Amino acid sequence: MELNIHNAEILLSAANKSHYPQDELPEIALAGRSNVGKSSFINTMLNRKNLARTSGKPGKTQLLNFFNIDDKMRFVDVPGYGYARVSKKEREKWGRMIEEYLTTRENLRAVVSLVDLRHDPSADDVQMYEFLKYYEIPVIIVATKADKIPRGKWNKHESAIKKKLNFDPSDDFILFSSVSKAGMDEAWDAILEKL
Ligand SMILES: Nc1nc2c(ncn2[C@@H]2O[C@H](COP(=O)(O)OP(=O)(O)OP(=O)(O)O)[C@@H](O)[C@H]2O)c(=O)[nH]1
Ligand SMILES: [Mg+2]
């Protein structure tokens, strides 16, 4: 697919199905812990500074944000999980929103599931991966913040993450950095292959 990544914009934000875009464009959703770098991933992939809003403040993204890319595909930025300072009610609301999208959205082609390369995956990370495998949703694991780990240690961290996730070797695993842009071409290849 020929894709002009410079022709990208936020299309709309939605809390539920009735507000999703109503067409057939393929979608790639971003999932991961709050602060793992989902919005930064979108910005890096689209070569933009702040198209998807990022901040040091976790929990900033509250709705499903749909980004139109050249009228050919969309990224869907999903609010992060595991942010401690939200009420049980809000967490439940989040769970319903995310589950509705992931289990019913026909446009969804794959989920980019982000984990922090520096740390072992959290229980929530493991649960998300298991959920995606259970529903047979194609998944691309992206390990973020690779710039914070010396290259000589990347393998060790990658192995630890794969082990904890019970990683399926037929899935993609990409080491990524929004700072150095490491892994960007590989991530695009993996995404385009899923469309
Ligand atoms: N060093 C480094 N910092 C990163 C990287 N990716 C993201 N960050 C930083 O991590 C923080 C959180 O990034 P976001 O992209 O806002 O994270 P998010 O997953 O969208 O967070 P929520 O919207 O709260 O779920 C910001 O301060 C980013 O600058 C990376 O690859 N390397
Ligand atoms: Mg975000």
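In the block above lies the structure referred to throughout.
Summary of the structure given here. The structure presented is a predicted model; accordingly, all values stated were derived computationally and were not measured.

The rules behind each value
Residues numbered from 1 in each chain as written. Chains lettered and ligands numbered in written order. Predicted model: local features only at pLDDT ≥ 70, side-chain atom pairs only at ≥ 80, totals over all residues. Heavy atoms only, no water. Helix = DSSP H or I, 4+ residues; strand = E, 2+ residues; numbered from the N terminus. Rg over C-alpha atoms; globule rule 2.2 N^0.38 Å. Buried < 20%, exposed > 50% of the residue type's maximum accessible area, 1.4 Å probe, protein only. Contact = heavy atoms within 4.5 Å. Areas by Shrake-Rupley, 256 points an atom, 1.4 Å probe, with all protein chains shown as cover. Axes fitted to C-alpha atoms, helices over the stretch in contact; angles between N-to-C directions. Parallel < 35°, antiparallel > 145°, perpendicular 65-115°, else oblique. Left-handed = near helix turned anticlockwise from the far one by under 90°. Nonpolar A, V, L, I, M, F, W, Y, C, P; charged D, E, K, R; others polar. Expected span 1.5 Å × (residues − 1). Arc of directions from axis to C-beta. Phe/Tyr/Trp six-rings, centres within 6.5 Å; stacked < 30°, edge-to-face > 60°. Lys NZ or Arg CZ within 6 Å of the ring centre and 35° of its normal. Pairing = 2+ DSSP bridges.

1. A word on the overall build of the protein chain
Alright, step 1. Each helix and strand in the protein chain was counted, giving 5 helices and 7 strands.
Alright, step 2. Mapped in sequence order, the helices and strands of the protein chain form the string β-β-α-β-β-α-β-α-β-α-β-α.
Alright, step 3. For 195 residues, the compact-globule formula gives about 16 Å, and the C-alpha radius of gyration of the protein chain, at 16 Å, lands near that figure.
Alright, step 4. If one aligns the C-alpha atoms of the protein chain with their principal axes, the spans along those axes are about 45 × 40 × 35 Å.
Alright, step 5. Across the 195 residues of the protein chain, 48% fall into the buried class.
Alright, step 6. The contacts in the protein chain between residues at least 6 apart in sequence include a share of 75% that link residues at least 24 apart.
Alright, step 7. Summing over all exposed atoms, the protein chain offers an accessible surface of approximately 10,400 Å²; the carbon and sulfur share of this is 47%.

2. Brief notes about the environment of leucine 195
Alright, step 1. When you line up the elements, leucine 195 lands in the segment after α5 (184-194).
Alright, step 2. When the C-alpha positions of leucine 195 and lysine 72 are compared, they lie 9.9 Å apart, and in sequence the two are 123 residues distant.
Alright, step 3. Setting aside residues up to four positions removed in sequence, leucine 195 forms contacts with Met1, Pro26, Ile28, Met73 and Arg109.

3. Quick look at the packing of helix α2 (residues 88-104) against helix α3 (residues 123-134)
Alright, step 1. Direction vectors running N to C along α2 and α3 enclose 30°, while the axes themselves pass 11 Å from each other. As judged from the angle between their axes, α2 and α3 are roughly parallel. Handedness of the α2/α3 crossing: right-handed. Contacts between α2 and α3 pair Glu99, Leu102 and Thr103 from the former with Met128, Phe131 and Leu132 from the latter.
Alright, step 2. Considering only residue class, the contact of α2 with α3 consists of 4 nonpolar, 1 polar and 1 charged.

4. Details of α2
Alright, step 1. The end-to-end C-alpha distance of α2 is 24 Å, a good match for the 24 Å that 17 residues give at a rise of 1.5 Å each.
Alright, step 2. All of the buried residues along α2 are Met97, Ile98, Tyr101 and Leu102. Across the axial projection of α2, the buried residues extend over an arc of 120°, all falling on one side. For α2, the exposed residues set more than 90 degrees away from the buried face come down to Lys88, Lys89, Lys93 and Arg96.
Alright, step 3. On its buried side, α2 packs onto β1 (8-14), β2 (27-32), β3 (64-69), β4 (73-77), β5 (108-116) and α3.

5. Notes on the packing of aromatic side chains
Alright, step 1. In this structure the tally under the stated criterion is 11 aromatic pairs.
Alright, step 2. Ring geometry for phenylalanine 131 versus tyrosine 135: centroids 4.7 Å apart, planes at 50°, classification tilted.
Alright, step 3. Overall, the relative accessible area of 39% leaves tyrosine 135 in the partly exposed class.
Alright, step 4. Consider the rings of tyrosine 134 and tyrosine 135, whose centres lie 5.1 Å apart with planes at 85°: the pair is edge-to-face.
Alright, step 5. Linked through ring pairs, Phe41, Phe75, Phe176 and Trp188 together constitute an aromatic cluster.
Alright, step 6. Over the face of the ring belonging to phenylalanine 173 we find lysine 162, whose NZ or CZ atom lies 5.0 Å from the ring centre.

6. Regarding the sheet that holds strand β7 (residues 172-175)
Alright, step 1. Pairing is mixed across the open sheet formed by 7 strands, whose spatial order is β1-β3-β4-β2-β5-β6-β7. Since the sheet does not close on itself, it has two edges, and those belong to β1 and β7, each with one partner. The average angle at which neighbouring strand axes cross in this sheet is 25°, direction not considered.
Alright, step 2. Bridging between strand β6 (residues 139-144) and β7 involves 4 bridges; their strand directions are parallel. Across the sheet, valine 142 pairs through a bridge with isoleucine 174, a residue of β7.
Alright, step 3. Strand contacts of helix α4 (residues 154-165): β5, β6 and β7, with the helix running at about 145° to β7, the strand carrying the most contacts.
Alright, step 4. Along the sheet, α5 contacts β2, β4, β5, β6 and β7; its crossing angle with β7, the most-contacted strand, is approximately 155°.

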